[in-house]
Amino acid sequence: KQWYQRRVAITAGNAEVQFFLNNDFTKVESRIQRDKIGGVFVPPGTNPYHVALYVPSIKGSHAFVQLYCYGAFEKTAAIANRSFAKVDSVDIKFNKTGKYGIIMAANDVDKSGTSYYGQTLLYFISTRGESNQIILDKNGPVYSAQWNPSRDEFIILYGFMPCKAAVYNTKCDVIHNFGENHYNEILFNPQGNMVGLCGFGNLRGKMKFYDTTTKKMLSEFTASDTTYFEWAPSGDIFITGTLSPRLRQDNEFKIWNVKGKILHHHRVDKDVQLWQLKWVNSPTVLPAPPIPAPLTSKEIAAAKPQAYRPPSSRSGGPQATRKLIDHGSNLPNVNDGVYKPHSGNQVSKQALKNQRKRENRAANKATDAATTDSKDFQAAVVDEREKKLKNLKKKYTQIQKLKAQQDSGKVLEKNQIDKISTEKELLEEIAKLEV
(Lines give C-alpha, C1' and ligand atoms only; values in the text may rest on other atoms or scores of the structure.)
Protein backbone atom coordinates (compact mmCIF):
# COMPACT_ATOMS: atom_id res chain seq x y z
CA LYS A 1 0.00 0.00 0.00
CA GLN A 2 1.49 3.38 -0.99
CA TRP A 3 0.94 6.35 1.33
CA TYR A 4 2.04 9.29 -0.80
CA GLN A 5 5.77 9.93 -0.15
CA ARG A 6 6.14 6.87 2.11
CA ARG A 7 5.96 3.32 0.75
CA VAL A 8 4.59 1.00 3.40
CA ALA A 9 4.20 -2.72 2.85
CA ILE A 10 2.04 -4.73 5.26
CA THR A 11 2.09 -8.46 5.97
CA ALA A 12 -0.47 -10.02 8.32
CA GLY A 13 -0.28 -13.37 10.09
CA ASN A 14 -2.48 -15.08 12.65
CA ALA A 15 -1.08 -13.08 15.57
CA GLU A 16 1.16 -10.34 14.12
CA VAL A 17 1.09 -7.54 11.56
CA GLN A 18 4.42 -6.27 10.23
CA PHE A 19 5.14 -2.96 8.47
CA PHE A 20 8.08 -2.41 6.07
CA LEU A 21 9.28 0.88 4.55
CA ASN A 22 10.56 1.67 1.05
CA ASN A 23 10.56 -1.95 -0.15
CA ASP A 24 13.16 -2.91 2.46
CA PHE A 25 11.92 -6.28 3.73
CA THR A 26 15.01 -6.98 5.83
CA LYS A 27 13.91 -4.58 8.56
CA VAL A 28 10.54 -4.45 10.32
CA GLU A 29 9.67 -0.79 10.81
CA SER A 30 6.74 -1.44 13.14
CA ARG A 31 4.52 -4.30 14.27
CA ILE A 32 1.19 -5.13 15.94
CA GLN A 33 0.98 -8.23 18.14
CA ARG A 34 -2.27 -9.70 19.44
CA ASP A 35 -3.44 -13.17 20.50
CA LYS A 36 -5.34 -13.46 17.22
CA ILE A 37 -5.80 -11.18 14.22
CA GLY A 38 -8.75 -11.48 11.84
CA GLY A 39 -8.05 -8.60 9.47
CA VAL A 40 -6.13 -5.38 8.81
CA PHE A 41 -7.74 -2.42 7.04
CA VAL A 42 -5.79 0.55 5.70
CA PRO A 43 -7.90 3.68 5.06
CA PRO A 44 -6.76 6.16 2.38
CA GLY A 45 -5.83 9.71 3.22
CA THR A 46 -2.95 11.97 4.14
CA ASN A 47 -0.75 12.25 7.22
CA PRO A 48 -1.55 11.27 9.99
CA TYR A 49 -2.16 7.80 8.57
CA HIS A 50 -4.37 5.22 10.25
CA VAL A 51 -4.72 1.45 10.52
CA ALA A 52 -7.82 -0.50 11.60
CA LEU A 53 -7.44 -3.90 13.25
CA TYR A 54 -10.07 -6.63 13.61
CA VAL A 55 -9.56 -9.09 16.48
CA PRO A 56 -12.02 -12.03 16.43
CA SER A 57 -13.58 -13.64 19.48
CA ILE A 58 -11.31 -15.92 21.54
CA LYS A 59 -12.86 -18.46 23.96
CA GLY A 60 -16.14 -16.60 24.24
CA SER A 61 -14.65 -13.12 24.62
CA HIS A 62 -15.93 -10.19 22.58
CA ALA A 63 -14.54 -9.52 19.13
CA PHE A 64 -13.55 -5.92 18.45
CA VAL A 65 -12.30 -3.41 15.90
CA GLN A 66 -9.71 -0.82 16.91
CA LEU A 67 -8.48 2.21 14.96
CA TYR A 68 -4.87 3.37 15.48
CA CYS A 69 -2.62 6.14 14.27
CA TYR A 70 0.21 4.59 12.29
CA GLY A 71 3.15 3.79 14.58
CA ALA A 72 1.22 3.96 17.87
CA PHE A 73 -0.08 0.40 18.15
CA GLU A 74 -0.27 -0.17 21.91
CA LYS A 75 -3.62 -1.56 23.06
CA THR A 76 -4.33 1.57 25.07
CA ALA A 77 -3.46 3.87 22.16
CA ALA A 78 -6.55 3.05 20.07
CA ILE A 79 -8.34 6.26 19.05
CA ALA A 80 -11.61 4.39 18.38
CA ASN A 81 -12.86 1.02 19.55
CA ARG A 82 -15.94 -1.10 18.82
CA SER A 83 -16.68 -4.50 20.38
CA PHE A 84 -19.13 -7.20 19.24
CA ALA A 85 -20.77 -9.92 21.32
CA LYS A 86 -20.91 -12.40 18.44
CA VAL A 87 -19.64 -11.94 14.90
CA ASP A 88 -18.27 -14.28 12.22
CA SER A 89 -16.70 -11.78 9.82
CA VAL A 90 -15.98 -8.05 9.61
CA ASP A 91 -15.44 -5.70 6.69
CA ILE A 92 -14.70 -1.96 6.89
CA LYS A 93 -15.39 0.53 4.11
CA PHE A 94 -13.71 3.93 4.47
CA ASN A 95 -14.58 7.14 2.67
CA LYS A 96 -12.14 8.79 0.27
CA THR A 97 -10.34 10.83 2.93
CA GLY A 98 -10.08 7.90 5.37
CA LYS A 99 -11.65 9.89 8.22
CA TYR A 100 -14.87 7.87 8.39
CA GLY A 101 -15.63 4.18 8.03
CA ILE A 102 -18.58 1.76 7.98
CA ILE A 103 -18.05 -1.50 9.86
CA MET A 104 -20.10 -4.39 8.47
CA ALA A 105 -20.21 -7.09 11.18
CA ALA A 106 -21.87 -10.28 9.88
CA ASN A 107 -23.17 -13.44 11.51
CA ASP A 108 -23.56 -16.47 9.28
CA VAL A 109 -26.62 -17.60 11.25
CA ASP A 110 -29.48 -15.37 12.38
CA LYS A 111 -30.50 -16.79 15.76
CA SER A 112 -33.87 -15.01 15.58
CA GLY A 113 -34.70 -17.18 12.55
CA THR A 114 -36.02 -14.25 10.50
CA SER A 115 -33.37 -14.46 7.77
CA TYR A 116 -31.83 -17.41 5.93
CA TYR A 117 -28.83 -15.24 5.01
CA GLY A 118 -27.72 -14.52 8.56
CA GLN A 119 -27.52 -11.08 10.11
CA THR A 120 -25.42 -7.99 9.39
CA LEU A 121 -25.01 -5.08 11.80
CA LEU A 122 -23.56 -1.73 10.74
CA TYR A 123 -21.41 0.60 12.82
CA PHE A 124 -19.91 4.01 12.14
CA ILE A 125 -16.29 4.67 13.13
CA SER A 126 -14.16 7.80 12.71
CA THR A 127 -10.72 9.19 13.45
CA ARG A 128 -12.44 11.54 15.92
CA GLY A 129 -13.12 8.55 18.21
CA GLU A 130 -16.74 7.88 17.25
CA SER A 131 -17.98 4.28 17.12
CA ASN A 132 -21.78 4.23 16.96
CA GLN A 133 -24.25 1.66 15.68
CA ILE A 134 -26.21 2.64 12.56
CA ILE A 135 -29.89 2.03 13.28
CA LEU A 136 -31.90 0.63 10.36
CA ASP A 137 -35.70 0.92 10.35
CA LYS A 138 -36.44 -2.28 8.38
CA ASN A 139 -35.58 -5.88 9.26
CA GLY A 140 -33.66 -8.06 6.87
CA PRO A 141 -30.25 -8.41 5.19
CA VAL A 142 -27.87 -5.58 4.36
CA TYR A 143 -27.12 -5.89 0.64
CA SER A 144 -24.65 -3.06 0.19
CA ALA A 145 -23.20 0.06 1.84
CA GLN A 146 -21.09 2.48 -0.22
CA TRP A 147 -19.50 5.91 0.32
CA ASN A 148 -19.95 8.68 -2.19
CA PRO A 149 -16.44 9.26 -3.62
CA SER A 150 -16.88 13.04 -3.69
CA ARG A 151 -18.72 13.92 -0.46
CA ASP A 152 -19.10 12.68 3.13
CA GLU A 153 -22.30 10.68 2.76
CA PHE A 154 -23.12 7.05 2.10
CA ILE A 155 -25.98 4.88 0.82
CA ILE A 156 -27.24 1.65 2.40
CA LEU A 157 -29.49 -1.00 0.81
CA TYR A 158 -31.22 -2.97 3.57
CA GLY A 159 -34.32 -4.95 4.55
CA PHE A 160 -36.29 -7.78 3.01
CA MET A 161 -37.16 -7.34 -0.67
CA PRO A 162 -38.21 -4.89 -1.85
CA CYS A 163 -35.36 -3.33 0.13
CA LYS A 164 -34.98 0.27 1.26
CA ALA A 165 -32.33 2.64 -0.13
CA ALA A 166 -31.35 5.56 2.10
CA VAL A 167 -28.63 8.24 2.14
CA TYR A 168 -26.87 8.95 5.47
CA ASN A 169 -24.57 11.74 6.61
CA THR A 170 -21.63 11.41 9.03
CA LYS A 171 -24.01 11.86 11.97
CA CYS A 172 -25.72 8.63 10.84
CA ASP A 173 -28.91 10.55 10.11
CA VAL A 174 -31.02 9.77 7.04
CA ILE A 175 -30.87 12.77 4.71
CA HIS A 176 -32.77 11.20 1.80
CA ASN A 177 -34.83 8.10 1.14
CA PHE A 178 -35.02 6.61 -2.35
CA GLY A 179 -37.96 4.39 -1.37
CA GLU A 180 -38.21 0.62 -1.77
CA ASN A 181 -37.33 -1.50 -4.79
CA HIS A 182 -35.49 -4.66 -5.84
CA TYR A 183 -31.84 -3.57 -5.55
CA ASN A 184 -28.62 -5.22 -4.40
CA GLU A 185 -25.90 -2.95 -5.87
CA ILE A 186 -24.86 0.70 -5.31
CA LEU A 187 -22.72 2.04 -8.16
CA PHE A 188 -21.33 5.60 -7.93
CA ASN A 189 -19.61 7.04 -10.99
CA PRO A 190 -15.95 8.03 -10.36
CA GLN A 191 -16.83 11.72 -9.93
CA GLY A 192 -19.57 10.93 -7.40
CA ASN A 193 -22.25 13.15 -8.96
CA MET A 194 -24.35 10.21 -10.25
CA VAL A 195 -25.26 6.85 -8.74
CA GLY A 196 -26.95 3.73 -10.02
CA LEU A 197 -29.17 1.58 -7.79
CA CYS A 198 -29.31 -1.80 -9.48
CA GLY A 199 -30.61 -5.33 -9.05
CA PHE A 200 -28.24 -7.89 -10.57
CA GLY A 201 -27.56 -11.59 -10.04
CA ASN A 202 -30.81 -13.32 -9.15
CA LEU A 203 -32.73 -10.08 -9.76
CA ARG A 204 -33.91 -8.90 -13.17
CA GLY A 205 -31.29 -6.27 -13.91
CA LYS A 206 -33.39 -3.21 -13.13
CA MET A 207 -31.35 0.00 -12.94
CA LYS A 208 -32.23 3.49 -11.70
CA PHE A 209 -29.80 6.40 -11.93
CA TYR A 210 -29.92 9.51 -9.74
CA ASP A 211 -28.26 12.90 -9.48
CA THR A 212 -26.50 12.74 -6.08
CA THR A 213 -26.84 16.50 -5.54
CA THR A 214 -30.56 16.98 -6.24
CA LYS A 215 -31.44 13.31 -5.50
CA LYS A 216 -33.69 13.38 -8.59
CA MET A 217 -34.02 10.32 -10.82
CA LEU A 218 -32.29 10.63 -14.20
CA SER A 219 -33.39 7.40 -15.88
CA GLU A 220 -34.76 3.91 -15.36
CA PHE A 221 -34.22 0.85 -17.55
CA THR A 222 -33.29 -2.86 -17.46
CA ALA A 223 -30.11 -4.74 -18.34
CA SER A 224 -31.14 -8.39 -18.08
CA ASP A 225 -28.66 -11.14 -17.12
CA THR A 226 -26.01 -8.64 -16.01
CA THR A 227 -23.16 -10.15 -14.00
CA TYR A 228 -20.63 -7.30 -14.40
CA PHE A 229 -20.83 -3.49 -14.28
CA GLU A 230 -18.15 -0.80 -14.52
CA TRP A 231 -18.27 2.96 -15.04
CA ALA A 232 -16.00 4.55 -17.63
CA PRO A 233 -13.55 7.17 -16.26
CA SER A 234 -15.62 9.89 -17.98
CA GLY A 235 -18.48 9.12 -15.56
CA ASP A 236 -21.29 9.33 -18.14
CA ILE A 237 -21.12 5.89 -19.80
CA PHE A 238 -20.67 2.37 -18.44
CA ILE A 239 -20.28 -1.24 -19.52
CA THR A 240 -22.37 -4.26 -18.52
CA GLY A 241 -21.58 -7.86 -19.26
CA THR A 242 -22.92 -11.39 -19.06
CA LEU A 243 -19.79 -13.32 -18.11
CA SER A 244 -18.66 -16.85 -17.33
CA PRO A 245 -18.59 -18.72 -15.03
CA ARG A 246 -21.70 -17.06 -13.54
CA LEU A 247 -23.59 -17.52 -16.81
CA ARG A 248 -22.03 -19.74 -19.47
CA GLN A 249 -24.57 -19.06 -22.23
CA ASP A 250 -25.32 -15.92 -24.24
CA ASN A 251 -22.13 -14.17 -23.08
CA GLU A 252 -22.03 -10.55 -24.23
CA PHE A 253 -21.24 -6.98 -23.26
CA LYS A 254 -22.97 -3.65 -23.85
CA ILE A 255 -21.85 -0.04 -23.54
CA TRP A 256 -24.59 2.32 -22.35
CA ASN A 257 -25.08 5.96 -21.57
CA VAL A 258 -26.89 7.03 -18.41
CA LYS A 259 -30.13 7.57 -20.30
CA GLY A 260 -30.30 3.89 -21.21
CA LYS A 261 -29.19 4.13 -24.84
CA ILE A 262 -27.02 1.20 -26.00
CA LEU A 263 -23.94 2.66 -27.71
CA HIS A 264 -22.36 -0.71 -28.55
CA HIS A 265 -23.45 -4.34 -28.26
CA HIS A 266 -21.14 -7.31 -28.78
CA ARG A 267 -22.27 -10.93 -28.45
CA VAL A 268 -19.69 -13.72 -28.63
CA ASP A 269 -20.20 -16.96 -30.55
CA LYS A 270 -22.11 -19.78 -28.87
CA ASP A 271 -18.99 -21.89 -28.35
CA VAL A 272 -17.03 -18.95 -26.85
CA GLN A 273 -17.15 -17.84 -23.21
CA LEU A 274 -16.48 -14.29 -22.03
CA TRP A 275 -14.56 -14.19 -18.74
CA GLN A 276 -13.55 -10.59 -18.02
CA LEU A 277 -14.17 -6.97 -19.04
CA LYS A 278 -12.13 -3.87 -18.17
CA TRP A 279 -11.75 -0.29 -19.29
CA VAL A 280 -8.14 0.31 -20.41
CA ASN A 281 -5.89 3.38 -20.32
CA SER A 282 -7.76 4.95 -17.41
CA PRO A 283 -6.43 8.48 -16.68
CA THR A 284 -4.64 9.14 -13.40
CA VAL A 285 -6.63 12.38 -13.05
CA LEU A 286 -10.38 12.05 -13.56
CA PRO A 287 -12.04 14.31 -16.12
CA ALA A 288 -14.54 16.93 -15.01
CA PRO A 289 -17.84 15.52 -13.70
CA PRO A 290 -20.47 15.08 -16.42
CA ILE A 291 -23.60 17.20 -16.12
CA PRO A 292 -26.54 14.99 -15.01
CA ALA A 293 -29.46 15.45 -17.41
CA PRO A 294 -32.84 13.76 -16.80
CA LEU A 295 -34.73 12.16 -19.64
CA THR A 296 -36.82 14.42 -21.86
CA SER A 297 -40.54 13.72 -22.29
CA LYS A 298 -39.85 12.20 -25.72
CA GLU A 299 -37.16 9.90 -24.30
CA ILE A 300 -39.46 8.83 -21.46
CA ALA A 301 -42.25 8.03 -23.93
CA ALA A 302 -39.84 6.07 -26.14
CA ALA A 303 -38.53 4.09 -23.15
CA LYS A 304 -42.00 2.98 -22.01
CA PRO A 305 -43.14 -0.42 -23.30
CA GLN A 306 -45.68 0.06 -26.09
CA ALA A 307 -49.01 -1.73 -26.29
CA TYR A 308 -49.14 -4.56 -28.82
CA ARG A 309 -50.46 -3.59 -32.22
CA PRO A 310 -51.09 -6.20 -34.91
CA PRO A 311 -49.09 -5.77 -38.14
CA SER A 312 -52.19 -4.73 -40.07
CA SER A 313 -52.65 -1.63 -37.88
CA ARG A 314 -49.01 -0.48 -37.82
CA SER A 315 -47.81 2.46 -39.83
CA GLY A 316 -46.40 1.30 -43.12
CA GLY A 317 -47.56 -2.28 -42.51
CA PRO A 318 -49.92 -4.41 -44.59
CA GLN A 319 -53.19 -2.83 -45.55
CA ALA A 320 -56.07 -3.39 -43.14
CA THR A 321 -58.38 -4.39 -45.96
CA ARG A 322 -58.76 -7.85 -47.34
CA LYS A 323 -60.35 -8.73 -50.66
CA LEU A 324 -63.38 -10.96 -50.57
CA ILE A 325 -63.71 -13.78 -53.07
CA ASP A 326 -66.27 -12.83 -55.67
CA HIS A 327 -68.61 -15.74 -56.35
CA GLY A 328 -70.69 -13.67 -58.68
CA SER A 329 -73.33 -12.81 -56.10
CA ASN A 330 -74.27 -9.29 -55.02
CA LEU A 331 -73.33 -9.11 -51.32
CA PRO A 332 -75.10 -6.42 -49.32
CA ASN A 333 -73.02 -3.46 -48.08
CA VAL A 334 -69.94 -4.52 -50.00
CA ASN A 335 -67.82 -1.86 -51.66
CA ASP A 336 -64.52 -2.75 -53.39
CA GLY A 337 -64.60 -6.17 -51.77
CA VAL A 338 -64.67 -4.85 -48.15
CA TYR A 339 -67.72 -5.51 -46.01
CA LYS A 340 -69.07 -2.44 -44.19
CA PRO A 341 -71.77 -2.83 -41.50
CA HIS A 342 -73.26 0.56 -42.44
CA SER A 343 -73.30 1.88 -45.96
CA GLY A 344 -73.26 5.53 -44.81
CA ASN A 345 -70.84 7.57 -42.70
CA GLN A 346 -73.46 8.76 -40.21
CA VAL A 347 -73.03 7.84 -36.51
CA SER A 348 -76.11 6.96 -34.49
CA LYS A 349 -77.29 9.12 -31.57
CA GLN A 350 -76.71 6.29 -29.12
CA ALA A 351 -73.10 5.94 -30.31
CA LEU A 352 -72.51 9.69 -29.80
CA LYS A 353 -74.06 9.49 -26.32
CA ASN A 354 -71.82 6.54 -25.33
CA GLN A 355 -68.75 8.36 -26.63
CA ARG A 356 -69.52 11.44 -24.48
CA LYS A 357 -69.96 9.20 -21.42
CA ARG A 358 -66.56 7.61 -22.00
CA GLU A 359 -64.88 11.01 -22.38
CA ASN A 360 -66.50 12.30 -19.17
CA ARG A 361 -65.40 9.20 -17.21
CA ALA A 362 -61.83 9.58 -18.47
CA ALA A 363 -61.74 13.28 -17.48
CA ASN A 364 -63.13 12.54 -13.98
CA LYS A 365 -60.61 9.71 -13.49
CA ALA A 366 -57.70 12.00 -14.40
CA THR A 367 -58.93 14.67 -11.96
CA ASP A 368 -59.30 12.14 -9.12
CA ALA A 369 -55.80 10.77 -9.78
CA ALA A 370 -54.26 14.24 -9.65
CA THR A 371 -56.07 15.03 -6.37
CA THR A 372 -54.94 11.73 -4.82
CA ASP A 373 -51.30 12.29 -5.85
CA SER A 374 -51.36 15.78 -4.31
CA LYS A 375 -52.77 14.47 -1.01
CA ASP A 376 -50.27 11.62 -0.91
CA PHE A 377 -47.38 14.02 -1.49
CA GLN A 378 -48.52 16.39 1.28
CA ALA A 379 -48.98 13.47 3.68
CA ALA A 380 -45.49 12.14 2.85
CA VAL A 381 -43.92 15.56 3.53
CA VAL A 382 -45.68 15.85 6.90
CA ASP A 383 -44.82 12.27 7.85
CA GLU A 384 -41.13 12.76 6.99
CA ARG A 385 -41.00 15.97 9.04
CA GLU A 386 -42.62 14.28 12.05
CA LYS A 387 -40.17 11.38 11.87
CA LYS A 388 -37.20 13.73 11.78
CA LEU A 389 -38.62 15.79 14.67
CA LYS A 390 -39.16 12.65 16.75
CA ASN A 391 -35.60 11.54 16.07
CA LEU A 392 -34.18 14.95 17.06
CA LYS A 393 -36.16 15.01 20.30
CA LYS A 394 -34.90 11.53 21.11
CA LYS A 395 -31.32 12.75 20.69
CA TYR A 396 -32.06 15.79 22.82
CA THR A 397 -33.34 13.52 25.62
CA GLN A 398 -30.14 11.47 25.40
CA ILE A 399 -28.06 14.66 25.69
CA GLN A 400 -29.95 15.67 28.83
CA LYS A 401 -29.26 12.28 30.38
CA LEU A 402 -25.56 12.60 29.54
CA LYS A 403 -25.45 16.08 31.08
CA ALA A 404 -27.08 14.74 34.23
CA GLN A 405 -24.45 12.00 34.41
CA GLN A 406 -21.71 14.57 33.87
CA ASP A 407 -23.11 16.80 36.66
CA SER A 408 -23.15 13.82 39.02
CA GLY A 409 -19.39 13.43 38.51
CA LYS A 410 -19.32 10.57 36.00
CA VAL A 411 -16.45 10.71 33.51
CA LEU A 412 -17.87 10.64 29.98
CA GLU A 413 -16.25 9.23 26.85
CA LYS A 414 -15.09 11.53 24.06
CA ASN A 415 -17.95 10.68 21.72
CA GLN A 416 -20.45 11.41 24.53
CA ILE A 417 -18.87 14.83 25.15
CA ASP A 418 -19.00 15.53 21.40
CA LYS A 419 -22.68 14.61 21.45
CA ILE A 420 -23.38 17.11 24.27
CA SER A 421 -21.64 19.84 22.24
CA THR A 422 -24.29 19.46 19.50
CA GLU A 423 -27.15 20.50 21.84
CA LYS A 424 -27.43 24.06 20.49
CA GLU A 425 -27.49 22.89 16.88
CA LEU A 426 -30.06 20.24 17.80
CA LEU A 427 -32.38 22.81 19.45
CA GLU A 428 -32.19 25.04 16.38
CA GLU A 429 -33.21 22.16 14.09
CA ILE A 430 -36.10 21.27 16.42
CA ALA A 431 -37.29 24.88 16.45
CA LYS A 432 -37.26 25.00 12.63
CA LEU A 433 -39.34 21.84 12.33
CA GLU A 434 -41.87 22.92 14.98
CA VAL A 435 -42.70 26.15 13.16
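Here the structure is a predicted model, which is why all the values come from computation and not from measurement.

### Section: the overall build of the protein chain
The number of helices and strands found in the protein chain is four helices and 26 strands. Among the 435 residues that make up the protein chain, the fraction classed as buried is 35%. The contacts in the protein chain between residues at least 6 apart in sequence include a share of 38% that link residues at least 24 apart. Of the roughly 27800 Å² of accessible surface on the protein chain, 51% is carried by carbon and sulfur atoms.

### Some details on the sheet that holds strand 19 (residues 206-211)
If you trace the four strands from one edge of the open sheet to the other, you get 17-18-19-20, paired in antiparallel fashion. In the strand order of this sheet, the two ends are held by strand 17 (185-188) and strand 20 (217-222), each with one partner. Within this sheet the neighbouring strands show an average axis-to-axis angle of 15 degrees, counted without direction. As defined by bridge partners, strand 17 adjoins strand 18 (residues 194-198) across four bridges and the pair is classed as antiparallel. Pairing of Glu185 across the sheet is with Cys198, part of strand 18.

### Points about the pattern of salt bridges
Under the definition given, this model contains eleven salt bridges. Put simply, Lys138 and Glu180 hold a salt bridge, and the shortest N to O gap is 3.5 Å. Of the two residues, Lys138 is situated in the loop between strand 12 (131-133) and strand 13 (142-147) and Glu180 in strand 16 (residues 174-181); the sequence distance between them amounts to 42 residues. Accessibility expressed as a relative area gives 21% for Lys138, which makes it partly exposed.

### A few points about the pairing of strand 24 (residues 262-267)
The pairing of strand 23 (residues 252-257) with strand 24 spans five bridges and is antiparallel. Looking across to strand 24, one finds that Trp256 is bridged to Ile262. Counting the residues between successive antiparallel strands, the hairpin from strand 23 to strand 24 contains four residues, one of them, Gly260, with a positive phi of roughly 95 degrees.

Calculation rules
Each chain has its residues counted from 1, running along the sequence as written. Thresholds applied to this predicted model are a pLDDT of at least 70 for local features of residues and 80 or more for the giving and counting of side-chain atom pairs; totals over whole chains, interfaces and linings are not thresholded and use all residues. By convention in this description, side-chain values take in all heavy atoms of the structure and omit both hydrogens and water. Comment: elements are numbered from the N terminus, with helices defined as DSSP H or I runs of at least four residues and strands as E runs of at least two. Buried means the residue's accessible area, taken with a 1.4 Å probe over protein chains only, is under 20% of the maximum for its type, while exposed means over 50%, and partly exposed covers the values in between. Note on contacts: a residue pair is in contact if any heavy atoms of the two residues lie within 4.5 Å. Using a 1.4 Å probe, accessible areas were evaluated by the Shrake-Rupley method; residue-level cover was limited to the displayed protein chains. At least two DSSP bridges between two strands are required for those strands to pair. Every axis in this analysis is a line fitted to C-alpha atoms, fitted for helices over the stretch in contact. Angles between the N-to-C directions lie between 0 and 180 degrees. The working definition used for a salt bridge is a side-chain nitrogen of Lys or Arg within 4 Å of a carboxyl oxygen of Asp or Glu.

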